[in-house]
Amino acid sequence: YFEIAKKVFDTPLLNPDYKVYIAFTVTNSGNIDLGTRMFQSILKVDPRRHDALNFLATIFEHNKNYQNAIDLRLREKEINPYGADNLLKLVENYLLVNQSSAAKEVVREIEIMAPNSEVVNQAHSLINY
C-alpha cells in the first residue's frame, strides 16, 4: 500500500489536494515517517498550505515534539490569524513547553478577536484563567 501511495504521490502535476489526502491516509495507516515526509514535501512546494501545516503540527504533537509543532502553528497563524482551533492548540503547546507568557499572549489575541465566545472560554480553561 505504501509503495503505491508513494508512487501516486510522486506523480507529476498531481492535484495538491490529492497529495494532502494521500499523506493524511498514509499517516493514519501507521506510516508516520512517510506521512511526515509527504507533508514536508507538500510544504516545500506550497508553504502556505494550511491543512498540511496543521496535519504536520499534529504529528509533531503526537510525537511530543512541541517546539516544531509551535513553529508550524505560528506559520499557520500568519496564514489564517482567525483559525481558532490552531490558536487553541498553540496555547496548549506553549503550556507544554513551559512558555506560559506566550500562551497568555495568544489567549489575549483570542479575547480581542472573539470576546465572549466559546473559544475564549476554552482558552481560559487551558490557562486556568
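Residues numbered from 1 in each chain as written. Predicted model: local features only at pLDDT ≥ 70, side-chain atom pairs only at ≥ 80, totals over all residues. Heavy atoms only, no water.

Student: Describe the overall build of the protein chain, and please don't skip the residues or the numbers.
Tutor: Each helix and strand in the protein chain was counted, giving 8 helices and 0 strands. Ordering the α and β elements of the protein chain from the N terminus gives α-α-α-α-α-α-α-α. Each of the three principal axes of the protein chain carries a C-alpha extent, and together these read 50 × 25 × 20 Å. In the protein chain, buried positions account for 40% of the 129 residues. Where the 14 positive side-chain charges of the protein chain centre and where its 16 negative ones centre are 5 Å apart. (Helix = DSSP H or I, 4+ residues; strand = E, 2+ residues; numbered from the N terminus. Buried < 20%, exposed > 50% of the residue type's maximum accessible area, 1.4 Å probe, protein only. Lys, Arg positive; Asp, Glu negative; His and termini not counted. Charge placed at Lys NZ, Arg CZ, Asp CG, Glu CD.)

Student: Got a sec to walk through the environment of Ile-110? Specific residues and values, please.
Tutor: Inspection of the secondary structure assignment puts Ile-110 in helix H7 (residues 100–113). Sequence separation of Ile-110 and Asn-93 is 17 residues, and the distance between their C-alpha atoms is 16 Å. Ignoring anything within four residues of it in the chain, the contact list for Ile-110 reads Leu-87, Leu-88, Pro-115, Val-119, Val-120 and Ala-123. (Contact = heavy atoms within 4.5 Å.)

Student: Give a description of the pattern of salt bridges that names residues and reports values.
Tutor: Throughout the structure, instances matching the rule amount to 8 salt bridges. Residues Glu-76 and Arg-73 are paired through a salt bridge, measuring 4.0 Å at the closest nitrogen-oxygen approach. With Glu-76 and Arg-73 both in helix H5 (residues 66–79) and 3 residues apart, this pair spans about one turn of that helix. By the burial criterion, Glu-76 is buried, and Arg-73 matches it. Where salt bridges share partners, they join Asp-17, Arg-49 and Asp-51 into one cluster. (Salt bridge = Lys/Arg side-chain N within 4 Å of Asp/Glu carboxyl O.)

Student: Tell me what's going on with the packing of aromatic side chains, and back it up with residues and numbers.
Tutor: Applying the stated criterion to the full structure yields 3 aromatic pairs. Each ring, one from Tyr-1 and one from Phe-2, has its centre 5.3 Å from the other, and the planes form 70 degrees; the classification is edge-to-face. Pairing Phe-24 with Phe-55 gives two aromatic rings, centres 4.8 Å apart and planes at 40 degrees, and the pair type is tilted. Of this pair, Phe-24 sits in helix H2 (residues 16–28) while Phe-55 sits in helix H4 (residues 50–62); the two residues are 31 residues apart in sequence, bridging distant segments of the chain. What links up through ring pairs into an aromatic cluster is the set Phe-24, Phe-39 and Phe-55. (Phe/Tyr/Trp six-rings, centres within 6.5 Å; stacked < 30°, edge-to-face > 60°.)

Student: Pulling in residues and values, what's your account of the environment of Leu-90?
Tutor: With respect to the secondary-structure elements, Leu-90 resides in helix H6 (residues 84–96). Placed 13 residues apart in sequence, Leu-90 and Ala-103 show a C-alpha to C-alpha distance of 7.3 Å. Residues within four places of Leu-90 in sequence aside, it is in contact with Ile-70, Arg-73, Leu-74, Lys-77 and Val-106.

Student: A description of the packing of helix H1 (residues 2–9) against H2 should follow, citing residues and the corresponding values.
Tutor: Two elements in contact, H1 and H2, have axes whose closest approach is 10 Å; the angle formed by their N-to-C orientations is 160 degrees. The angle between the axes of H1 and H2 places the two elements in the roughly antiparallel class. Like other packed secondary-structure pairs, H1 and H2 cross with a definite hand, here left-handed. Two secondary-structure elements touch here, H1 through Phe-2, Ala-5, Val-8 and Phe-9 and H2 through Lys-19, Ile-22 and Val-26. Looking at the contact of H1 with H2, its residues break down into 6 nonpolar, no polar and 1 charged. (Axes fitted to C-alpha atoms, helices over the stretch in contact; angles between N-to-C directions. Parallel < 35°, antiparallel > 145°, perpendicular 65-115°, else oblique. Left-handed = near helix turned anticlockwise from the far one by under 90°. Nonpolar A, V, L, I, M, F, W, Y, C, P; charged D, E, K, R; others polar.)

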